[in-house]
Amino acid sequence: MFSKSLVEMVKGRVREFKREPSAMFFVVLMPIIWMSILGAAFSGNRNEVFSIALFSSDLKQESNNSLYQFLKDDPQLQILIGEANEHSSWLKGGKVSVIVKLDMAAKQVEYHYDPNNPMSSKARMQVNDKIQKFAGRSEVVKSKDDTVIITGSRYIDFLIPGLLALTILTSSLFGTGMTIVVNRRDNLLKQYLTTPMNPYEYIISHIIGRFIILIVEFAAIMVFGIVVFDFQMQGRWLDYILISILGSAVFAAIGILAGARSNNASAYNGKTNLIALPMMMLSGVWYSRAGFPNWLAQIIDYLPLTPLVDSLRKIALEGVSILRLGPEIAVLIVYLVVATIFAKRRFVWF
Amino acid sequence: MPDVIGNEPILVANKIAKSFGGFAAVSEVSLNINIGECVALLGPNGAGKTTTCEMLEGLLEPDKGNIQIFGKEYRSSRKQILENVGVQLQETTLYKKYTVKETLQLFASFYPQAQPVEEVLRWLDLSEKANARIETLSGGLKQRVYLGCALIHNPKLLFLDEPTTGLDPQARRNIWDVVERLKNNSKSVLLTTHYMEEAAKLADRIAIIDQGRIIAEGSPESLIREYCKGEIINISFEGEPVKVNEIKIKLIERQAEFSDADIIENSLEISVPNAGSYIPRLIRTIDQLGLKIKSLTMRPGTLEDVFIKLTGRSIINV
């Protein structure tokens, strides 16, 4: 099925990957490092901790002091005591989320905080709740907590499909086009045209090479996630793999398009960074896009990394079938087709 | 394959021309290469050597004229032509992470009938370096590997575009040695170079190219004979400042046989068929003019002299 020249070039692609330590680092080690750091940082059943600045004209005064002791016992509060003039810079600098001015003798408390900052508002609520309880507020409605831990709801579960999508983007986008640009700069593409080899085999070798590297990155991320973080796949592995292949093809095509004419490696790097960075930040790899304003979210939905992240996450975390991922797959296929058509039109060998 | 240069042309280029955005890089170049012949395209940088080569290699389509290689044209028989042609382009960098053997294997895979890689390695004296990565090789060795890529399929015709540019003298001689052996194996070679010595040593025939045109063509000896008469006498004079131009005019007035004289850096270079018999007459004439000789040397004419005669410029400084 494959000509010997194609086989030899695919072997070359794998060889280039294996012998380039930085490629190995970005594709295999980088996602594992991210996973380890973020997984360790945000794993376990942790409550949020709020830093507050407490200020009182007389903390030694009995009622003030006993409230202070009461607040100190709350593991969710971290209390800093300082002079009044220090407090405002602490708030502006983010060292504390709220400043509490206390005068229990007069039964009065004053909060300084930023209502636009969710952390600040939450801290104010938490402190106020404690103070009111301390002062004797009784609950009017009886409440009862019945908690369930949902599988796949940890941050690491959210992160793993995102990291896989990100790795597919970086390795396909930077890897494919960069090699072509460098080979063009080095006159190798021109050299190929002086041989009877069908030059399209060279492009095909890049695409096949990408899929082989995808196996490596896919295995590295998923095996590490399963073994170290007990990641559990809710959907079908086959669906997950098919979406990964589609994603890899999309970004390889975009990479080839970006490197279709250039022979300048730094310019190519700049161009692909420009393409990749907004997606890395906005497509929901690291955190949910739920907080974005509507107009921005709508734009982000059509960046190619977004449907890749979303569909991988839906399969892995919600067990959604690939058949129900029509909109995501449609966006990816549009990118694949458009990038391929333009890459073919624009491509120059030298 | 014949052992001697045949009269049968393996490559015929007829009035080929190529322009880039209104600039005529090559204008109506015609060139033949016969079986077993090494033809050098000699000219300064920017003369149109590489553009000519790239048209002959099938990389560029000529705007005008036509090219036949083995009696075939690229348009209809590209694959058949390329299967029998080996090309070494100027300034190509091979994959630095590949070993020598892997590099040759890659190029071997492009051809239906390639030679065994080990044989090519032996032939190029590279067997010991078979497993060395390209990035670890010296410039000369890299160039030899690259030559191996062009030879891997035992082509009948080879294009070598500036094969020794940037190499040290020893490495250059090694490459020359390889080209000599190729010639002995009845390969036809088109060599482009701006090194006179290289063209003189390797080429059976030289085509001097300048500003996109071939301005002279012939064997190195015949070109030197035709344009330099054979030998060069270089003479400089005592006294400051020396008006060489006036001296030249006076000298020619007295002796018309010294009319082929050029001023080169404050000295006079006179082309003559046989310097030995001209020098006594020259010294006499200079005496009669009341001039004093500072130095007088004689040397055989070179292709550089031919180029200067033809263009009024030095090939190196263009």
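A quick note: this is a predicted structure, and the numbers were derived from the prediction, not measured.

Bringing the overall build of chain B into the picture now. Looking only at helices and strands, one finds eleven helices and 13 strands in chain B. Considering only C-alpha atoms, chain B reaches an extent of 75 × 45 × 40 Å along its principal axes. Counting across all 318 residues of chain B, residues that qualify as buried make up 52%. Taking the 38 positively charged and 42 negatively charged side chains of chain B as two groups, their mean positions are separated by 1 Å.

It is worth spelling out the overall build of chain A at this point. What chain A contains, in helices and strands, is 13 helices and four strands. Its C-alpha radius of gyration of 27 Å places chain A more than 25% over the 20 Å reference for a compact globule of 350 residues. C-alpha atoms of chain A, sized along the principal axes, occupy 95 × 45 × 35 Å. A buried classification covers 47% of the 350 residues belonging to chain A. In chain A, 76% of the contacts between residues at least 6 apart in sequence involve partners at least 24 apart. Accessible surface, chain A: about 18,200 Å² in total, of which carbon and sulfur atoms supply 60%.

A separate point is the pairing of strand β8 (residues 205-210) of chain B. Residue and element names in this part refer to chain B. Of all the six residues making up β8, six are buried; the element is thus mostly covered by neighbouring parts of the structure. Residues Arg205, Ala207 and Ile209 point to one face of β8 and Ile206, Ile208 and Asp210 to the other, with burial holding for every one of them. Here strand β3 (residues 38-42) pairs with β8 via four bridges, running parallel. From the neighbouring strand, Leu42 faces β8, where its bridge partner is Ile208. With five bridges joining them, β8 and strand β9 (residues 213-218) adopt antiparallel strand pairing. Among the inter-strand pairings, Ile209 is bridged to a residue of β9, identified as Ile214.

Further remarks concern the packing of helix α2 (residues 21-41) of chain A against helix α6 (residues 155-185) of chain A. Residue and element names in this part refer to chain A. Packing of α2 against α6 brings their axes to within 10 Å, and their N-to-C directions diverge by 160 degrees. As the angle between them shows, α2 and α6 are arranged roughly antiparallel. Between α2 and α6 lies a crossing of right-handed hand. Between α2 and α6, the contacting residues are Phe26, Val27, Pro31, Trp34, Met35, Leu38 and Gly39 on the first element and Tyr155, Ile156, Leu159, Ile160, Leu163, Thr167 and Ser171 on the second. Residue composition of the contact of α2 with α6, grouped by class: eleven nonpolar, three polar and no charged.

Glancing now at the sheet that holds strand β7 (residues 188-193) of chain B. Residue and element names in this part refer to chain B. What the six strands build is an open sheet, ordered β5-β6-β7-β3-β8-β9; its pairing is mixed. Each of the sheet's edge strands pairs with one partner strand only, and the pair in question is β5 (85-88) and β9. Within this sheet the neighbouring strands show an average axis-to-axis angle of 15 degrees, counted without direction. Sheet strands in contact with helix α5 (residues 139-151) are β5 and β6 (157-161), and its direction is about 155 degrees off that of β5.

All names here are of chain B. Per-residue confidence for chain B gives a mean pLDDT of 90, with 97% of residues at or over 70. At the level of individual helices and strands, chain B shows its lowest average pLDDT in strand β11 (residues 261-264), which scores 84, and its highest in helix α3 (residues 100-108), which scores 97. Scored by ipTM, the complex comes to 0.86, with pTM at 0.81.

Here the focus is the interface of chain A and chain B. If you look at the interface, chain A gives 24 residues, while chain B gives 29 residues. When chain A packs against chain B, the two sides together hide about 2,500 Å² of surface, and 58% of this comes from carbon and sulfur. Between chain A and chain B we count three salt bridges in total. Glu102 of chain B is the partner of Arg15 of chain A in a salt bridge, and the nearest nitrogen-oxygen pair spans 3.5 Å. Where chain A meets chain B, there are 15 residue pairs in polar contact (both at pLDDT 80 or more). Counting residues per element, the ones that place at least two in the side of chain A that touches chain B are α1 (4-18) and α7 (188-193) of chain A. If one sorts the elements of the side of chain A that touches chain B by residue count, α1 of chain A sits on top with eight residues. Each residue belonging to the side of chain A that touches chain B can be placed in one class, and the counts come to eight nonpolar, seven polar and nine charged.

Time to look at the packing of aromatic side chains. Summed over all chains, the structure comprises 18 aromatic pairs over all chains. Ring centres of Tyr287 of chain A and Phe292 of chain A lie 6.4 Å apart, and the angle between their planes is 65 degrees; this geometry places the pair in the edge-to-face category. Residue class for Tyr287 of chain A comes out partly exposed when judged on its relative accessible area of 41%. Aromatic ring contacts, followed pair by pair, group Tyr192, Tyr200, Tyr202, Phe347 and Trp349 of chain A together with Phe107 and Phe110 of chain B into a single cluster. Residue placement shows Arg172 of chain B over the ring face of Tyr195 of chain B; its charged tip is 4.0 Å from the ring centre.

Residues and elements named next belong to chain A. At a minimum axis distance of 9 Å, the contact between α2 and helix α8 (residues 200-229) shows a crossing angle of 25 degrees. The orientation of α2 relative to α8 falls into the category roughly parallel. Considering only the axes of α2 and α8, their crossing is right-handed. Between α2, through Val27, Val28, Pro31, Ile32, Met35, Ser36, Gly39 and Ala40, and α8, the contact on the second element is made entirely by Ile213, Val216, Glu217, Ala220, Ile221, Phe224, Gly225 and Phe229. Looking at the contact of α2 with α8 residue by residue, the class counts come to twelve nonpolar, three polar and one charged.

Calculation notes
Residues numbered from 1 in each chain as written. Chains lettered and ligands numbered in written order. Predicted model: local features only at pLDDT ≥ 70, side-chain atom pairs only at ≥ 80, totals over all residues. Heavy atoms only, no water. Helix = DSSP H or I, 4+ residues; strand = E, 2+ residues; numbered from the N terminus. Buried < 20%, exposed > 50% of the residue type's maximum accessible area, 1.4 Å probe, protein only. Lys, Arg positive; Asp, Glu negative; His and termini not counted. Charge placed at Lys NZ, Arg CZ, Asp CG, Glu CD. Rg over C-alpha atoms; globule rule 2.2 N^0.38 Å. Contact = heavy atoms within 4.5 Å. Areas by Shrake-Rupley, 256 points an atom, 1.4 Å probe, with all protein chains shown as cover. Pairing = 2+ DSSP bridges. Axes fitted to C-alpha atoms, helices over the stretch in contact; angles between N-to-C directions. Parallel < 35°, antiparallel > 145°, perpendicular 65-115°, else oblique. Left-handed = near helix turned anticlockwise from the far one by under 90°. Nonpolar A, V, L, I, M, F, W, Y, C, P; charged D, E, K, R; others polar. pLDDT = per-residue confidence, 0-100. Buried area = accessible area lost by both parts, 1.4 Å probe. Salt bridge = Lys/Arg side-chain N within 4 Å of Asp/Glu carboxyl O. Polar contact = N/O pair within 3.5 Å; in protein donor to acceptor, adjacent residues only side chain to side chain. Phe/Tyr/Trp six-rings, centres within 6.5 Å; stacked < 30°, edge-to-face > 60°. Lys NZ or Arg CZ within 6 Å of the ring centre and 35° of its normal.

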